Amino acid sequence: MLIGVICGLKRFYVPWKLSVFGILKKGSMISILRINRYISGAAAAVNWIAALAIFLMMMVTTVDVVARFFRISVPGAYETIGFLGALAIAFSLPYTAAQKGHIAVDFLVRRFSRPLRIAVNIFNSAFALVLFALIAFQSYQYAQTMKAAGTVSSTLEMPVYPFVYGVAAGCILLCPVLLMDLVLQFRGVESE
Amino acid sequence: MTPTTVGIIGIVALFGLIFFRMPVGYLMAGIGMIGFASIVSFDAALSLMARDVFSVFSSYSLTVIPLFVFMGQIAFHSGISTRLFDAAYKFVGHVPGGLAIATIGACAAFSAICGSTNATAATMGAATLPEMKRYNYKPELATGVVAAGGSLGILIPPSVVFIVYGILTEQSIGKLFIAGLLPGLLLMVLFTAAIRIWTWMRPELGPGGEKASWGEKVRSLSGLVETLVIFAVVMGGLFKGIFTPTEAGGIGAFATLVVALIRRNLDWNGFVQALFETTRITCMILVIVAGATIFSRFMAVTRIPYDIAGWITGFDLAPAAIIFFIILVYFVGGCFIDALALIMLTIPIFFPVVMELGYDPIWFGVVIVLVTQIGVITPPVGVNVYVVSGVARDVPLNTIFRGVIPLLIAMIIATLLLIPFPWIALYLPGLL
């Protein structure tokens with residue numbers, strides 16, 4: 001991380017040839033862009049899990065309401081929908097970040113000079129990376145605590161920990177997207 | 001450092017860094033975590049953060065968001081907007097500015113199944129801008145109407161902003177939904193009046209079209225029927241307490257999907273796009289909710305929200321002056337920050353004050369939604385204007401901003417009417 005920062009600063013001062021770190025060499029630019037494409041592709045692939053979860057949420061609620069109309073109750077609809085919601089959001093984290101889908105205020109930064117803009121982007125990407133690495137790690141630990149304690153849902157008595165692992169997984173998968181943002185900033189590829 | 005000092009530093013850092021393109025949700029979570037850690041302990045902050053993230057992501061009451069977003073996305077991708085516009089056009093197309101009024105009418109109808117201002121502006125823009133161009137409407141009228149009409153999407157239920165406000169302030173989402181209905185219709189009338197006055201002063205802006213026969217008018221209504229049926233089932237069931245907001249969203253999404261499939265308006269591609277857009281919008285909103293939750297933990301340990309409430313009410317100011325000041329903050333803030341993000345940022349601070357002053361929480365929700373919607377069409381961050389310029393690429397941004405002005409005046413009048421006449425918002429919820 002620190003090495004990355006130092007290399008990145010060098011990017012502004014030294015010609016490409018002098019840079020000793022492979023990832024920052026000019027020749028490796030194409031491969032970085034390729035890695036970025038893979039990561040974006042993987043983020044979209046993982047997003048299918050989120051999409052499926054939302055579709056299932058809709059189906060479960062509809063079946064539940066229609067069944068209630070005929071005085072049949074679907075056990076555990078309430079908790080199932082909540083758990084599906086957790087999967088939907090966790091697994092859409094990488095895609096949303098890759099699509100630059102989060103709300104941010106950028107009218108001020110747009111007026112900055114290019115180096116300043118890149119510096120701001122580097123700070124933001126690094127901040128997000130550290131934040132989600134922490135959330136991923138903590139969620140993983142939280143899941144382990146739940147597994148050890150045998151926490152189950154109230155109606156179906158489903159174990160809760162796999163869904164917490166799901167949230168941890170979503171956060172972990174978000175990290176490569178954020179890391180790529182950071183690397184691309186150092187290479188001077190500005191993200192919008 | 002006292003907790004209050006840490007809290008003030010946190011608030012200043014939040015409102016400072018927000019202007020540096022940091023995603024709002026990430027920023028609130030990060031500052032909330034750091035602040036909580038520096039007052040309580042680092043370990044406590046970390047474990048609280050993981051718990052909050054999971055409890056927000058898996059919260060049943062928040063699943064209402066993806067379901068209503070999905071409903072709107074299906075409506076967006078299935079051409080319902082075109083049928084709504086056709087129906088409205090058959091009725092008012094012949095008067096000067098009639099197409100613009102039809103656009104407002106179609107926006108209002110579309111809002112009944114779509115809870116997002118941007119989606120309403122985008123979908124109505126795609127459906128109506130080419131028509132208005134065909135009838136020689138000037139771009140400033142055409143684009144201004146579409147950008148402003150989107151704000152009906154937020155006032156007329158369902159509405160994503162009301163859902164978030166309801167969850168943050170523990171108010172009934174059903175009551176908020178129905179409270180938005182009359183102000184939404186009032187705004188529709190004011191928009192129509194603005195267009196009539198504007199085209200009366202400058203008839204060249206929107207020449208009238210040919211008059212439709214009564215037979216055509218009646219036939220065009222079939223496009224409206226399905227939307228009204230879905231709206232009646234979803235909102236009726238919600239208001240009657242037959243189902244929860246989440247169930248209303250699920251049923252609404254399912255019904256809209258069925259209508260789109262029967263009408264053969266939705267192909268696999270559109271369906272996948274609707275789903276993926278839904279995941280993206282949901283993730284964006286829920287990340288802010290999670291961030292706001294973590295940030296509010298930090299605020300709670302500093303006790304600042306209570307202090308501010310006490311401090312402001314300690315001033316010897318008339319409640320009306322304070323409420324006016326708060327509305328002004330939303331008005332100015334709305335020009336720079338996305339409506340949803342702004343509400344989540346400020347509700348923890350202002351809501352206790354407003355309650356302390358004895359105002360109605362439902363009324364306050366309607367007022368700030370209306371005020372932040374003004375920000376959606378004003379520079380520099382007028383999101384709807386950017387959305388419309390994305391649809392109408394040949395129209396300069398300045399033209400759209402100019403076209404919005406008469407409708408902006410209508411929105412300001414609506415807000416000013418809501419302050420002395422709170423029953424506009426509170427009459428319908430009172431019937432529940």
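Residues numbered from 1 in each chain as written. Chains lettered and ligands numbered in written order. Predicted model: local features only at pLDDT ≥ 70, side-chain atom pairs only at ≥ 80, totals over all residues. Heavy atoms only, no water.

At the interface, 63 residues of chain A touch 56 residues of chain B. Interface area, chain A with chain B, both sides summed: about 5300 Å², of which 80% is carbon and sulfur. Taken as a group, Ile-89, Ile-103 and Val-105 of chain A account for 14% of the area that chain A buries against chain B, more than any other trio of residues on that side. Notably, a salt bridge pairs Arg-68 of chain A with Glu-247 of chain B, separated by 2.9 Å at the nearest N-O pair. (Contact = heavy atoms within 4.5 Å. Buried area = accessible area lost by both parts, 1.4 Å probe. Salt bridge = Lys/Arg side-chain N within 4 Å of Asp/Glu carboxyl O.)

By definition, a disulfide is the covalent link that joins the sulfur atoms of two cysteine residues. Here the structure, examined in full by the defined rule, presents zero disulfides over all chains. Free cysteine: Cys-175 of chain A, not disulfide-bonded; nearest cysteine sulfur from Cys-171 of chain A at 7.5 Å. For Cys-175 of chain A, a relative accessible area of 16% gives the class buried. Residue Cys-107 of chain B stays outside any disulfide, its sulfur separated by 10 Å from that of Cys-114 of chain B, the closest cysteine. You can call Cys-107 of chain B buried: its relative accessible area is 0%. (Disulfide = S-S within 2.5 Å. Buried < 20%, exposed > 50% of the residue type's maximum accessible area, 1.4 Å probe, protein only.)

The next thing to look at is the packing of helix α16 (residues 304-314) of chain B against helix α18 (residues 339-356) of chain B. All names here are of chain B. Remark: α16 packs on α18, axes separated minimally by 8 Å, with the N-to-C direction vectors making an angle of 45°. As the angle between them shows, α16 and α18 are arranged oblique. At the point where α16 passes α18, the crossing takes the right-handed sense. Counted together, Pro-305, Ile-308, Ala-309, Ile-312 and Thr-313 of α16 and Pro-348, Ile-349, Pro-352, Val-353 and Glu-356 of α18 form the full contact between these two elements. Per-class residue counts for the contact of α16 with α18 are eight nonpolar, one polar and one charged. (Axes fitted to C-alpha atoms, helices over the stretch in contact; angles between N-to-C directions. Helix = DSSP H or I, 4+ residues; strand = E, 2+ residues; numbered from the N terminus. Parallel < 35°, antiparallel > 145°, perpendicular 65-115°, else oblique. Left-handed = near helix turned anticlockwise from the far one by under 90°. Nonpolar A, V, L, I, M, F, W, Y, C, P; charged D, E, K, R; others polar.)

Taking 1.5 Å per residue, 26 residues should reach 38 Å; helix α6 (residues 161-186) of chain A reaches 38 Å between its end C-alpha atoms and fits that length. The positive-phi residue at the C-terminal boundary of α6 of chain A is Gly-188 of chain A, with phi of around 80°. (Expected span 1.5 Å × (residues − 1).)

Per-residue pLDDT for chain A has a mean of 84; in total, 83% of the residues score no lower than 70. Low pLDDT, under 50, characterises residues 1-23 of chain A; the predicted model gives this stretch 26 contacts beyond four residues in sequence or across chains. (pLDDT = per-residue confidence, 0-100.)

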